[in-house]
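# Observations on the model geometry
One-letter residues, chain by chain:
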Amino acid sequence: MSIAAAPIADACTRVVYHGPNDRILTARSMDWSLPMISNLWVFPRGMSRNGEAGPNSKEWTSKYGSMIVSGYDFSTVDGMNEAGLVVNMLWLVASEYPEDDGVTPKVSLSIWAQYFLDNYGSVAEAVADMNDDPFIVVTAEVPDQPGRLAKVHLSISDSSGDSAILEWLDGELVIHHGSEYRTLTNDPPYDQQLALVDYWKGVNPREVLPGTNRAPDRFVRANTYIDMVVQSDDPRIATAAAMSVVRNASVPFGITTPDSPNLSTTRWRVAADHKSKQFYVESALSPNLFWVDLEKLDFSPEADVLTLDLGVDMVKLR
């Protein structure tokens, strides 16, 4: 798997479902303006890694095995590790990454999400380490889009229901950490997204909710519906509930909006069950949803790196 510039989605939605008896699921839609290759990869623990950002790149050895969804087979955009930690990358135009000071270790944006899967079993552990052992993230051009830099924020969630949103704003890392940070879309930066929650608190959601595909509207709908859907410990019902929320926040296939370049069609959706270690995948081009049981995967250091070729827009799903 090549690690280079991260081709992340133009517009996406992510939610965390808090069901009874610790039934936690993280679900997201992947929206992108062009057809994209998104294959599944399985990485064993014990892999030697580096930040792939040139001189002074950070180096580490993976403590956890993981299964990820790739972006063009260049980057990790989603995934879950064997401890139940989940990562999701979403586009954020407001992102501004720090200048290279020649001293602080660097990590390419394409492997930023993978770093967390490799090293941490919980959100709290990851956030604490980011404060104690900081590094800077380096971006690059989006593949097939010369001159356009990849700009994203990252969400991480775990089996306890804890969550964190990481954003690079004005060259500084901003972290929102807490189980209440369950919903994420794209622009504006997350503190402004949270302000939408207060604005809509006094509105009866059974009477009116914003209905467009714009990121703020998708945020309000997803943040409302994730608490209104059925709450169940049954993995089948819980998955259906979480996926129904991201389907509601998805962008109909084939929509193009030249005056809104950051609004793009939904290509696929995924959901990760932190409790049962099931990872669900659904393509917009297929009527079927399939899943992988991570507890049946071999993550030992001796295991091979595996890939499942799903084709462009996961078209090989039937």
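Refer to the structure presented above.
The model shown is predicted, which means the values in this text are computed figures rather than measured ones.

Cut-offs used in this document
- Residues numbered from 1 in each chain as written.
- Predicted model: local features only at pLDDT ≥ 70, side-chain atom pairs only at ≥ 80, totals over all residues.
- Heavy atoms only, no water.
- 1 Å grid on protein atoms, 1.4 Å probe; cavity = no way out; pocket = protein on both sides within 12 Å on 5 of 7 lines; lining within 4 Å.
- Points joined across faces, edges and corners; volume = space filled by probe spheres on them.
- Helix = DSSP H or I, 4+ residues; strand = E, 2+ residues; numbered from the N terminus.
- Nonpolar A, V, L, I, M, F, W, Y, C, P; charged D, E, K, R; others polar.
- Buried < 20%, exposed > 50% of the residue type's maximum accessible area, 1.4 Å probe, protein only.
- Pairing = 2+ DSSP bridges.
- Contact = heavy atoms within 4.5 Å.
- Axes fitted to C-alpha atoms, helices over the stretch in contact; angles between N-to-C directions.
- Arc of directions from axis to C-beta.
- Polar contact = N/O pair within 3.5 Å; in protein donor to acceptor, adjacent residues only side chain to side chain.

Moving on: the layout of surface pockets. Here the largest pocket defines a volume of roughly 240 Å³. Every residue lining the largest pocket is listed: Pro235, Arg236, Thr239, Ala240, Met243, Arg247, Tyr280, Leu289 and Trp291. Taken together, the elements giving at least two residues each to the lining of the largest pocket come down to helix H5 (235–248) and strand E19 (289–293). With six residues, the top contributor of residues to the lining of the largest pocket is H5. Of the residues belonging to the lining of the largest pocket, the class tally is six nonpolar, one polar and two charged.

With that settled, consider the pairing of strand E3 (residues 40–43). Side chains Leu40 and Val42 of E3 all project onto a buried face; the interleaved residues Trp41 and Phe43 project onto the opposite face, where all are buried too. Pairing of E3 with strand E6 (residues 66–71) involves four bridges; the strand directions are antiparallel. Bridge pairing in E6 links Leu40 to Val69. The sheet contact formed by E3 and strand E20 (residues 306–308) spans three bridges and is antiparallel. In the strand pairing of E20, Trp41 is matched with Thr307.

Another aspect to go through is the sheet that holds E19. The strand order E16-E1-E2-E17-E18-E19 describes an open sheet built from six strands, whose pairing is antiparallel. With partners counted over all chains shown, the strands left at the sheet margins are strand E16 (183–184) and E19, one partner each. The sheet contact formed by strand E2 (residues 24–31) and strand E17 (residues 266–273) spans seven bridges and is antiparallel. By the bridge assignment for E17, Arg28 is matched with Val270. Each of strand E1 (11–18) and E16 touches helix H4 (residues 215–228); the most contacted strand, E1, lies at about 15° to it.

Cis rather than trans, the peptide bond between Asp187 and Pro188 has omega equal to 0°. Topologically, Pro188 is positioned in the loop between E16 and helix H3 (190–200). Phi at Asn56 is positive, roughly 70°, even though this residue is not glycine.

Let us look at helix H2 (residues 123–132). Taken residue by residue, H2 has Val123, Ala126, Val127 and Met130 as its buried positions. On an axial view of H2, the arc spanned by its buried residues comes to 95°, and they lie on one face. Each element contacted by the buried residues of H2 is listed here: helix H1 (109–119), strand E13 (152–157), strand E14 (163–169) and strand E15 (172–177). Two to three positions downstream of the cap, the backbone nitrogen of Glu125 sits 3.2 Å from a side-chain oxygen, assigning the N-cap of H2 to Ser122.

Purely spatial values, then, with no claim about function.
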